[in-house]
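Observations on chain architecture
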Amino acid sequence: SNATQGLAGGVAGRTALSTVGKEGCGLTYRGYSIEDLAAQATYEEVAWLRLRGELPTSQQLADYRGRLQSLRELPAGLKAVLAQLPETAHPMDVLRTGCSALGCLEPEAGTTGPFDVVDRLLATFPSMLAYWHWFQTQTMRIETHSEEDSIAGHFLHLLHGRRPSAIHRQALDASLILYAEHEFNASTFTARVVTSTLSDIYSAITGAIGTLRGPLHGGANEAAFDLINRFATPDDAERGVMDLLARKEKIMGFGHRVYRDCDPRSPIIQQWAKRLAEEVGDTRLYPVSERIEAVLRREKKLFPNLDFYSASAFHFLGIPTLFFTPLFVFSRTAGWAAHVLEQRSENRLIRPTADYIGPEPRPFVPIEQREP
Ligand code: COA
């Protein structure tokens, strides 16, 4: 049999949306390098590019920003659902539930099409998280519009109750660009499997959020921060990480299924983490992170993936650790949706087969003859 555990190395379909690990190509979204996009574009431009195939003109972008801004209000039914979810819920479970609930309140069949649903989800995910957060921690029912015209600025504003600085908004925006798309990763593949049964887009994205939650995928940024934050100094980190390696534990935020030498997104977010560390006067987390990186390179030839330096960057932006993976959702929604559209455009049911490793056929044993 040709089956590999975890479908490693298996080609499961085709895509025009991004190149991941293709020789000489780097990571591109519809042909544009992530280095160019992270340095020169904004998240909303990238979302448009992902969904429509081309970069927007300045008029299209202004209209698109305005449209997303106008969709931020949560329906009363969704606010009622969010208010029922306990303070102890994981924010990823809140978003998964919020997405599913919106699918009941505003089903895809009642809209003018999938673009409406994606725009609505892009606009409301930050509102959902902030609404639930403020309600559960302060019993406050916040308004979920803001004058911010970007998703990054809007979320920071709702979270901190004030306008973010330009550099904080830009840092989060760059991170959202880097998180927007990554070919047939586990959550995107989930979205495509759901879509391949001709199910609706809310179901695809709800499933994708559940998949992203685990620490081998999106949950790694949260786990990476918990690790970094354990250490007081780089020497401490060196000892701690050597211990973990000796116990054969996995270090979250390192390694990748497709990349072998480097994750091209990591140096970009590392630059931001460094800049933000200087800005907030950090002398612990960034040096600790650099040391962990050095130890893993030296000992295991492992390199940081996007999640590792994202963790400290998010922390410097004042974002609670449990909100790290939800930020990934805000961003990846555009990627998932683009894959849903692509899957629909040339759909065939995704249904692989398995090698059978169970018992040989055997006679049925009537219940009275079974050994206790
Ligand atoms: N820490 C320690 N060792 C690691 C490691 C890590 N983060 N990532 C890989 N390895 C080691 C494995 O233990 C294995 O060693 P072995 O051959 O001695 O058993 C080897 O490298 C190959 O790893 P494997 O788990 O088979 O790779 P994979 O392709 O199945 O897994 C990941 C890829 C991403 C799941 C894996 O690297 C990982 O768990 N990373 C941490 C979680 C993470 O950051 N996820 C976000 C990805 S963007």
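One structure accompanies this document, and this report is about it.

Cut-offs and rules
- Residues numbered from 1 in each chain as written.
- Predicted model: local features only at pLDDT ≥ 70, side-chain atom pairs only at ≥ 80, totals over all residues.
- Heavy atoms only, no water.
- Core = buried A, V, L, I, M, F, W, Y, C linked by side-chain atoms within 4.5 Å.
- Buried < 20%, exposed > 50% of the residue type's maximum accessible area, 1.4 Å probe, protein only.
- Contact = heavy atoms within 4.5 Å.
- Phe/Tyr/Trp six-rings, centres within 6.5 Å; stacked < 30°, edge-to-face > 60°.
- Helix = DSSP H or I, 4+ residues; strand = E, 2+ residues; numbered from the N terminus.
- Lys NZ or Arg CZ within 6 Å of the ring centre and 35° of its normal.
- Pairing = 2+ DSSP bridges.

1. Observations concerning the nonpolar core
Within the largest apolar cluster, 108 residues are counted, with the highest numbers of intra-cluster contacts made by Phe-125, Leu-172, Ile-292 and Ile-319. Among all residues touching Phe-125, those that are not within four sequence positions of it are Leu-95, Cys-99, Ile-205, Ile-209, Val-329, Phe-330 and Thr-333.

2. Structural notes on the packing of aromatic side chains
The full count for this structure, using the stated rule, is 11 aromatic pairs. Between the aromatic rings of Phe-184 and Phe-189, the centroid separation amounts to 6.0 Å while the plane-to-plane angle is 35 degrees, which identifies the pairing as tilted. Grouping residues by exposure puts Phe-184 and Phe-189 together as buried. Between Tyr-286 and Tyr-309 the ring centres are 5.9 Å apart and the planes differ by 45 degrees, which places this aromatic pair in the tilted class. Taken as a pair, Tyr-286 in helix H14 (residues 285–300) and Tyr-309 in helix H15 (residues 306–316) lie far apart in primary sequence, 23 residues in all. Residue Tyr-286 is classed as buried on the basis of its relative accessible area, which comes to 7%. Taken together through their ring pairs, the aromatic side chains of Tyr-179, Phe-225, Phe-314, Phe-324 and Phe-328 make up a single cluster. Between Arg-50 and the ring centre of Tyr-29, over which it is positioned, the NZ or CZ distance is 5.3 Å. Here the guanidinium or amino end of Arg-52 rests over the ring plane of Trp-48, the centre of that ring lying 4.4 Å away.

3. Concerning the sheet that holds strand S1 (residues 18–19)
Strand order in the open sheet made by the 3 strands is S1-S2-S3, with antiparallel pairing throughout. Because the sheet does not close on itself, it has two edges, and the strands there are S1 and strand S3 (32–33). Sheet topology places strand S2 (residues 28–29) next to S3; 2 bridges connect them, and they run antiparallel. Along S3, the bridge assignment pairs Tyr-29 with Tyr-32.

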